[in-house]
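Given next are the chains, with one letter for each unit.
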Amino acid sequence: MVTHLRHVGLAVPDLEVGIQFYQDLGLESATSQNRAILRCHGHDQDQIVLVEGPKRRLQYICLGSSDERFQALQARIEAEKKIVGPPAEIPGDGIWCLDPDGICLNIVVATPADSLGGPETTAPGEPPAINTPGRFNRIGQRAAPPRGRENRPRRLGHILQFTPDLKKKVWFYTEVLGFLLADRVGDALAFLYCEGGSDHHVMALAASQAPGLHHLSFELGDVDEVGQLGMQMLEKGHRDGWGFGRHVIGSNYFHYIRDPWMGLAELYCDMDYIPAGINWRPRDWPVEDSFYAWGPDMPDDFVTNYEEHH
Ligand SMILES: [Fe+2]
(Lines give C-alpha, C1' and ligand atoms only; values in the text may rest on other atoms or scores of the structure.)
Protein backbone atom coordinates (compact mmCIF):
# COMPACT_ATOMS: atom_id res chain seq x y z
CA MET A 1 0.00 0.00 0.00
CA VAL A 2 0.98 3.59 -0.52
CA THR A 3 1.72 5.29 2.81
CA HIS A 4 2.29 8.89 1.72
CA LEU A 5 2.65 11.51 -0.99
CA ARG A 6 6.26 12.55 -1.60
CA HIS A 7 6.44 15.00 -4.50
CA VAL A 8 5.06 15.84 -7.92
CA GLY A 9 6.82 16.45 -11.21
CA LEU A 10 5.35 19.43 -13.03
CA ALA A 11 6.11 20.70 -16.53
CA VAL A 12 5.76 24.46 -17.00
CA PRO A 13 6.34 26.64 -20.09
CA ASP A 14 8.91 28.86 -18.34
CA LEU A 15 11.11 27.41 -15.61
CA GLU A 16 12.18 30.80 -14.18
CA VAL A 17 8.58 32.01 -13.91
CA GLY A 18 7.63 28.73 -12.21
CA ILE A 19 10.49 28.98 -9.72
CA GLN A 20 9.52 32.57 -8.90
CA PHE A 21 5.89 31.59 -8.22
CA TYR A 22 6.82 28.84 -5.78
CA GLN A 23 9.49 30.99 -4.14
CA ASP A 24 6.85 33.69 -3.60
CA LEU A 25 4.75 30.93 -2.03
CA GLY A 26 7.58 30.34 0.47
CA LEU A 27 9.28 27.27 -1.02
CA GLU A 28 13.03 27.03 -1.51
CA SER A 29 14.54 26.10 -4.85
CA ALA A 30 17.67 24.40 -6.07
CA THR A 31 18.34 23.75 -9.73
CA SER A 32 20.12 20.76 -11.17
CA GLN A 33 20.59 20.42 -14.92
CA ASN A 34 17.29 21.40 -16.50
CA ARG A 35 15.17 20.88 -13.42
CA ALA A 36 14.21 22.96 -10.42
CA ILE A 37 13.67 21.19 -7.12
CA LEU A 38 11.36 22.93 -4.69
CA ARG A 39 11.34 22.06 -1.00
CA CYS A 40 9.76 23.34 2.18
CA HIS A 41 12.08 25.20 4.52
CA GLY A 42 13.88 22.91 6.97
CA HIS A 43 12.87 19.65 5.31
CA ASP A 44 15.17 17.50 3.30
CA GLN A 45 12.52 16.31 0.85
CA ASP A 46 11.56 17.32 -2.68
CA GLN A 47 7.99 18.59 -2.97
CA ILE A 48 7.85 19.77 -6.58
CA VAL A 49 10.25 18.97 -9.42
CA LEU A 50 9.78 21.55 -12.19
CA VAL A 51 10.85 20.92 -15.77
CA GLU A 52 10.28 23.03 -18.85
CA GLY A 53 7.57 21.80 -21.24
CA PRO A 54 5.23 23.23 -23.88
CA LYS A 55 2.40 23.72 -21.38
CA ARG A 56 1.71 23.35 -17.67
CA ARG A 57 1.12 19.67 -17.09
CA LEU A 58 1.43 17.12 -14.33
CA GLN A 59 4.44 15.05 -15.33
CA TYR A 60 4.39 12.45 -12.55
CA ILE A 61 3.43 11.85 -8.91
CA CYS A 62 5.90 10.29 -6.49
CA LEU A 63 4.33 8.17 -3.72
CA GLY A 64 5.98 6.36 -0.81
CA SER A 65 5.40 2.80 0.40
CA SER A 66 6.68 0.85 3.38
CA ASP A 67 9.32 -1.82 2.77
CA GLU A 68 7.04 -4.68 3.92
CA ARG A 69 4.18 -3.73 1.63
CA PHE A 70 6.22 -2.75 -1.42
CA GLN A 71 6.45 -6.23 -3.02
CA ALA A 72 2.72 -6.86 -2.77
CA LEU A 73 2.09 -3.43 -4.24
CA GLN A 74 4.52 -4.10 -7.07
CA ALA A 75 2.81 -7.45 -7.78
CA ARG A 76 -0.61 -5.79 -7.98
CA ILE A 77 0.67 -3.12 -10.37
CA GLU A 78 2.43 -5.75 -12.50
CA ALA A 79 -0.79 -7.76 -12.65
CA GLU A 80 -2.47 -4.69 -14.15
CA LYS A 81 0.32 -4.50 -16.75
CA LYS A 82 0.89 -0.84 -15.94
CA ILE A 83 4.66 -0.82 -15.40
CA VAL A 84 6.64 1.66 -17.52
CA GLY A 85 10.09 3.26 -17.43
CA PRO A 86 10.79 6.66 -15.88
CA PRO A 87 10.20 9.78 -18.00
CA ALA A 88 13.27 11.01 -19.89
CA GLU A 89 15.98 12.60 -17.73
CA ILE A 90 14.35 11.64 -14.42
CA PRO A 91 16.45 9.48 -12.09
CA GLY A 92 14.43 6.30 -11.82
CA ASP A 93 14.19 4.82 -8.33
CA GLY A 94 11.37 2.44 -7.44
CA ILE A 95 8.46 1.43 -9.67
CA TRP A 96 7.17 3.62 -12.49
CA CYS A 97 3.66 2.91 -13.71
CA LEU A 98 0.69 4.52 -15.42
CA ASP A 99 -2.68 5.09 -13.76
CA PRO A 100 -5.88 4.58 -15.80
CA ASP A 101 -5.62 8.12 -17.24
CA GLY A 102 -2.02 7.57 -18.30
CA ILE A 103 -0.68 9.71 -15.43
CA CYS A 104 2.82 8.57 -14.53
CA LEU A 105 3.29 7.39 -10.94
CA ASN A 106 6.60 6.68 -9.22
CA ILE A 107 6.39 4.55 -6.09
CA VAL A 108 9.44 4.29 -3.87
CA VAL A 109 10.22 2.61 -0.57
CA ALA A 110 10.43 5.34 2.03
CA THR A 111 9.65 5.57 5.71
CA PRO A 112 7.07 8.06 6.94
CA ALA A 113 9.84 9.61 9.06
CA ASP A 114 11.13 11.45 6.02
CA SER A 115 7.77 11.87 4.36
CA LEU A 116 6.33 14.69 6.48
CA GLY A 117 3.21 12.59 6.12
CA GLY A 118 1.71 12.61 9.61
CA PRO A 119 1.42 14.62 12.76
CA GLU A 120 4.49 13.00 14.29
CA THR A 121 6.65 13.93 11.31
CA THR A 122 5.50 17.49 10.65
CA ALA A 123 7.63 20.15 12.34
CA PRO A 124 5.20 21.09 15.07
CA GLY A 125 6.28 24.57 16.18
CA GLU A 126 4.50 26.31 19.00
CA PRO A 127 0.73 25.77 19.00
CA PRO A 128 -1.17 29.02 18.53
CA ALA A 129 -2.57 30.31 21.82
CA ILE A 130 -6.18 31.14 21.06
CA ASN A 131 -8.72 32.87 23.28
CA THR A 132 -12.28 31.54 23.14
CA PRO A 133 -15.27 32.51 25.29
CA GLY A 134 -14.33 31.78 28.88
CA ARG A 135 -10.95 30.30 27.93
CA PHE A 136 -8.05 32.71 27.84
CA ASN A 137 -5.00 30.83 26.56
CA ARG A 138 -3.22 34.03 25.56
CA ILE A 139 -2.96 36.46 28.40
CA GLY A 140 -1.00 39.70 28.35
CA GLN A 141 0.25 39.04 24.80
CA ARG A 142 -0.65 40.38 21.36
CA ALA A 143 -1.52 37.81 18.69
CA ALA A 144 -1.60 39.66 15.36
CA PRO A 145 1.41 38.75 13.19
CA PRO A 146 3.60 41.61 11.95
CA ARG A 147 2.70 42.73 8.42
CA GLY A 148 5.92 41.64 6.74
CA ARG A 149 6.23 38.25 8.40
CA GLU A 150 7.51 35.47 6.17
CA ASN A 151 5.09 32.52 5.95
CA ARG A 152 6.43 29.23 4.67
CA PRO A 153 4.48 26.04 3.89
CA ARG A 154 5.41 22.99 6.00
CA ARG A 155 4.72 20.32 3.39
CA LEU A 156 2.86 19.32 0.24
CA GLY A 157 -0.28 17.80 1.76
CA HIS A 158 -2.40 16.61 -1.13
CA ILE A 159 -3.20 16.93 -4.79
CA LEU A 160 -6.50 17.02 -6.67
CA GLN A 161 -6.61 15.47 -10.12
CA PHE A 162 -9.32 15.72 -12.75
CA THR A 163 -10.28 12.42 -14.37
CA PRO A 164 -12.60 11.45 -17.23
CA ASP A 165 -13.38 8.12 -15.51
CA LEU A 166 -13.77 8.66 -11.77
CA LYS A 167 -14.95 5.12 -11.07
CA LYS A 168 -11.94 3.49 -12.73
CA LYS A 169 -9.52 5.99 -11.20
CA VAL A 170 -10.90 5.40 -7.67
CA TRP A 171 -10.70 1.65 -8.25
CA PHE A 172 -7.01 1.88 -9.24
CA TYR A 173 -5.99 4.15 -6.36
CA THR A 174 -7.85 2.05 -3.77
CA GLU A 175 -7.66 -1.57 -4.99
CA VAL A 176 -4.22 -1.44 -6.61
CA LEU A 177 -2.38 1.29 -4.68
CA GLY A 178 -4.12 0.79 -1.32
CA PHE A 179 -5.60 4.25 -0.66
CA LEU A 180 -8.85 4.28 1.32
CA LEU A 181 -11.98 6.28 0.61
CA ALA A 182 -12.49 9.08 3.15
CA ASP A 183 -15.56 10.73 1.61
CA ARG A 184 -17.22 11.26 -1.75
CA VAL A 185 -19.72 13.46 -3.54
CA GLY A 186 -21.73 11.05 -5.68
CA ASP A 187 -19.99 10.46 -9.00
CA ALA A 188 -18.33 13.88 -8.95
CA LEU A 189 -15.60 13.79 -6.27
CA ALA A 190 -13.64 11.25 -4.23
CA PHE A 191 -11.27 11.95 -1.33
CA LEU A 192 -8.67 9.30 -0.50
CA TYR A 193 -6.44 8.84 2.55
CA CYS A 194 -3.59 6.48 3.43
CA GLU A 195 -4.24 3.34 5.48
CA GLY A 196 -1.40 3.96 7.93
CA GLY A 197 -2.96 7.27 9.00
CA SER A 198 -2.97 10.57 7.13
CA ASP A 199 -4.77 13.81 6.47
CA HIS A 200 -8.43 13.34 5.49
CA HIS A 201 -7.27 13.43 1.87
CA VAL A 202 -3.87 12.91 0.33
CA MET A 203 -5.26 12.24 -3.14
CA ALA A 204 -8.50 13.83 -4.33
CA LEU A 205 -10.18 13.07 -7.65
CA ALA A 206 -12.77 15.10 -9.56
CA ALA A 207 -14.80 14.04 -12.60
CA SER A 208 -14.04 16.05 -15.75
CA GLN A 209 -13.93 15.65 -19.53
CA ALA A 210 -10.18 15.10 -19.48
CA PRO A 211 -7.33 14.34 -17.07
CA GLY A 212 -5.65 17.34 -15.46
CA LEU A 213 -4.17 18.74 -12.30
CA HIS A 214 -6.61 20.91 -10.34
CA HIS A 215 -4.46 21.88 -7.37
CA LEU A 216 -1.42 21.19 -5.25
CA SER A 217 -2.08 21.89 -1.58
CA PHE A 218 0.45 23.14 0.96
CA GLU A 219 0.04 23.01 4.72
CA LEU A 220 0.62 26.17 6.75
CA GLY A 221 0.97 26.42 10.51
CA ASP A 222 -2.31 28.10 11.36
CA VAL A 223 -5.11 30.34 10.13
CA ASP A 224 -2.93 33.45 10.38
CA GLU A 225 -0.30 31.93 8.11
CA VAL A 226 -2.89 30.91 5.53
CA GLY A 227 -4.56 34.33 5.62
CA GLN A 228 -1.36 36.32 5.58
CA LEU A 229 0.44 34.30 2.91
CA GLY A 230 -2.68 34.49 0.70
CA MET A 231 -2.68 38.26 1.05
CA GLN A 232 1.07 38.48 0.40
CA MET A 233 0.67 36.45 -2.82
CA LEU A 234 -1.99 38.89 -4.04
CA GLU A 235 0.26 41.84 -3.12
CA LYS A 236 2.99 40.28 -5.27
CA GLY A 237 0.61 40.35 -8.24
CA HIS A 238 -0.53 36.73 -8.31
CA ARG A 239 -4.15 36.01 -9.20
CA ASP A 240 -6.66 35.05 -6.59
CA GLY A 241 -8.11 31.54 -6.95
CA TRP A 242 -10.65 31.47 -4.13
CA GLY A 243 -10.69 32.15 -0.44
CA PHE A 244 -10.28 32.69 2.43
CA GLY A 245 -12.81 30.11 3.60
CA ARG A 246 -13.37 26.73 5.21
CA HIS A 247 -14.17 23.47 3.44
CA VAL A 248 -16.77 21.02 4.71
CA ILE A 249 -15.08 17.85 3.44
CA GLY A 250 -11.77 17.60 5.29
CA SER A 251 -12.71 20.74 7.29
CA ASN A 252 -9.58 22.65 6.28
CA TYR A 253 -9.31 26.42 6.07
CA PHE A 254 -8.28 27.32 2.51
CA HIS A 255 -7.05 30.05 0.25
CA TYR A 256 -6.35 29.19 -3.40
CA ILE A 257 -3.90 31.22 -5.49
CA ARG A 258 -3.59 30.87 -9.26
CA ASP A 259 -0.15 30.09 -10.68
CA PRO A 260 0.96 31.91 -13.87
CA TRP A 261 -0.73 29.24 -16.05
CA MET A 262 -4.10 29.23 -14.25
CA GLY A 263 -3.24 26.17 -12.16
CA LEU A 264 -4.00 26.40 -8.44
CA ALA A 265 -1.93 26.26 -5.28
CA GLU A 266 -4.02 25.77 -2.15
CA LEU A 267 -2.82 27.08 1.20
CA TYR A 268 -4.45 25.13 4.01
CA CYS A 269 -4.43 24.37 7.71
CA ASP A 270 -6.45 22.42 10.26
CA MET A 271 -7.50 19.49 8.11
CA ASP A 272 -9.24 16.44 9.64
CA TYR A 273 -6.83 13.59 10.36
CA ILE A 274 -7.74 9.90 10.01
CA PRO A 275 -5.48 7.66 12.12
CA ALA A 276 -4.65 4.01 11.38
CA GLY A 277 -7.13 1.45 12.63
CA ILE A 278 -10.09 3.74 13.18
CA ASN A 279 -13.52 2.71 11.94
CA TRP A 280 -13.87 5.68 9.59
CA ARG A 281 -17.10 5.60 7.62
CA PRO A 282 -16.98 7.39 4.28
CA ARG A 283 -19.93 9.66 3.67
CA ASP A 284 -21.56 10.51 0.35
CA TRP A 285 -21.99 14.28 0.66
CA PRO A 286 -24.61 16.34 -1.17
CA VAL A 287 -23.22 18.64 -3.87
CA GLU A 288 -24.09 21.75 -1.82
CA ASP A 289 -21.58 20.67 0.84
CA SER A 290 -18.83 19.81 -1.61
CA PHE A 291 -17.16 23.20 -1.75
CA TYR A 292 -17.32 25.26 1.41
CA ALA A 293 -18.84 25.82 4.83
CA TRP A 294 -18.24 29.57 4.57
CA GLY A 295 -16.19 32.03 2.56
CA PRO A 296 -16.62 34.31 -0.44
CA ASP A 297 -18.71 33.05 -3.36
CA MET A 298 -16.87 30.42 -5.36
CA PRO A 299 -15.59 31.87 -8.66
CA ASP A 300 -17.19 30.26 -11.73
CA ASP A 301 -13.82 29.15 -13.08
CA PHE A 302 -12.76 27.43 -9.85
CA VAL A 303 -13.77 24.05 -11.28
CA THR A 304 -12.49 24.72 -14.83
CA ASN A 305 -10.06 22.14 -16.10
CA TYR A 306 -7.56 24.52 -17.71
CA GLU A 307 -5.40 21.64 -18.93
CA GLU A 308 -8.33 20.52 -21.08
CA HIS A 309 -8.87 24.05 -22.44
CA HIS A 310 -5.29 24.71 -23.54
FE1 LIG B 1 -7.39 20.76 -1.49
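From a predicted model like this one, the values you see are computed outputs, not experimental measurements. All residue numbers here refer to positions counted from 1 along the written sequence of the relevant chain. Restriction of local features to residues with pLDDT of at least 70 applies here, the model being predicted, together with a cutoff of 80 or more for giving and counting side-chain atom pairs; totals for whole chains, interfaces and linings are based on all residues. With hydrogens and water set aside, each side-chain value is computed from the structure's full complement of heavy atoms.

Peer 1: Break down the coordination of the iron ion for me, citing the residues and quoting the values.
Peer 2: Coordinating donors are taken to be N, O and S atoms lying within 2.8 Å of the metal, or within 3.2 Å when the metal is Na, K or Ca; because water is excluded from the atom set, some sites may appear incomplete. At the metal site, the iron ion is ligated by H158 (NE2), H215 (NE2) and E266 (OE), and these contacts range over 2.0 to 2.1 Å. In primary sequence terms, the donor set of the iron ion follows H-x56-H-x50-E. Here E266 lies in strand 19 (residues 264-269) and H158 lies in strand 11 (residues 155-163), a separation of 108 residues in the sequence. Grouping residues by exposure puts H158 and E266 together as buried. Here a strand is any run of E in DSSP of at least two residues, a helix any run of H or I of at least four, and the numbering for each starts at the N terminus. Only protein chains enter the accessibility calculation, which uses a 1.4 Å probe; a residue is then buried when its area is under 20% of its type maximum, exposed when over 50%, and partly exposed in between.

Peer 1: Any chance you could break down the pattern of salt bridges for me, citing the residues and the numbers?
Peer 2: Here, a salt bridge means any side-chain nitrogen of Lys or Arg that lies within 4 Å of a carboxyl oxygen of Asp or Glu. Evaluated as defined, the whole model comprises 14 salt bridges. Between D99 and K169 there is a salt bridge, with its nearest N and O atoms 2.6 Å apart. One end of the pair, D99, is in the loop between strand 7 (95-98) and strand 8 (104-109); the other, K169, is in helix 3 (residues 166-176), and 70 residues separate them in sequence. Residue class for D99 comes out buried when judged on its relative accessible area of 2%. Judged by its relative accessible area of 0%, K169 is buried. One salt bridge in this structure joins E225 and R154, with 2.7 Å as the shortest N-O distance. Linking E225 in helix 4 (residues 223-235) with R154 in the loop between strand 10 (135-136) and strand 11, this pair joins segments that are 71 residues apart in sequence.

Peer 1: Residues and numbers for helix 1 (residues 15-24), please.
Peer 2: The complete set of buried residues in helix 1 reads L15, G18, I19, F21, Y22 and D24. Two N or O atoms count as a polar contact when they lie within 3.5 Å, although within protein this holds only if one can serve as hydrogen donor and the other as acceptor, and sequence-adjacent residues are included solely when both atoms are side-chain atoms. For helix 1, the capping residue at the N-terminal end is D14, with a side-chain oxygen 3.0 Å from the backbone nitrogen of E16. Trailing helix 1 by a residue or two, G26 shows a phi angle of about 105 degrees, which is positive.

Peer 1: Describe the environment of L181, and please don't skip the residues or the numbers.
Peer 2: Here L181 is to be found in strand 12 (residues 179-185). In this description, contact between two residues means that some pair of their heavy atoms is separated by no more than 4.5 Å. Each residue touching L181, except ones within four places of it in the same chain, is listed here: T174, A190, F191, L192, Y193, W280 and P282.

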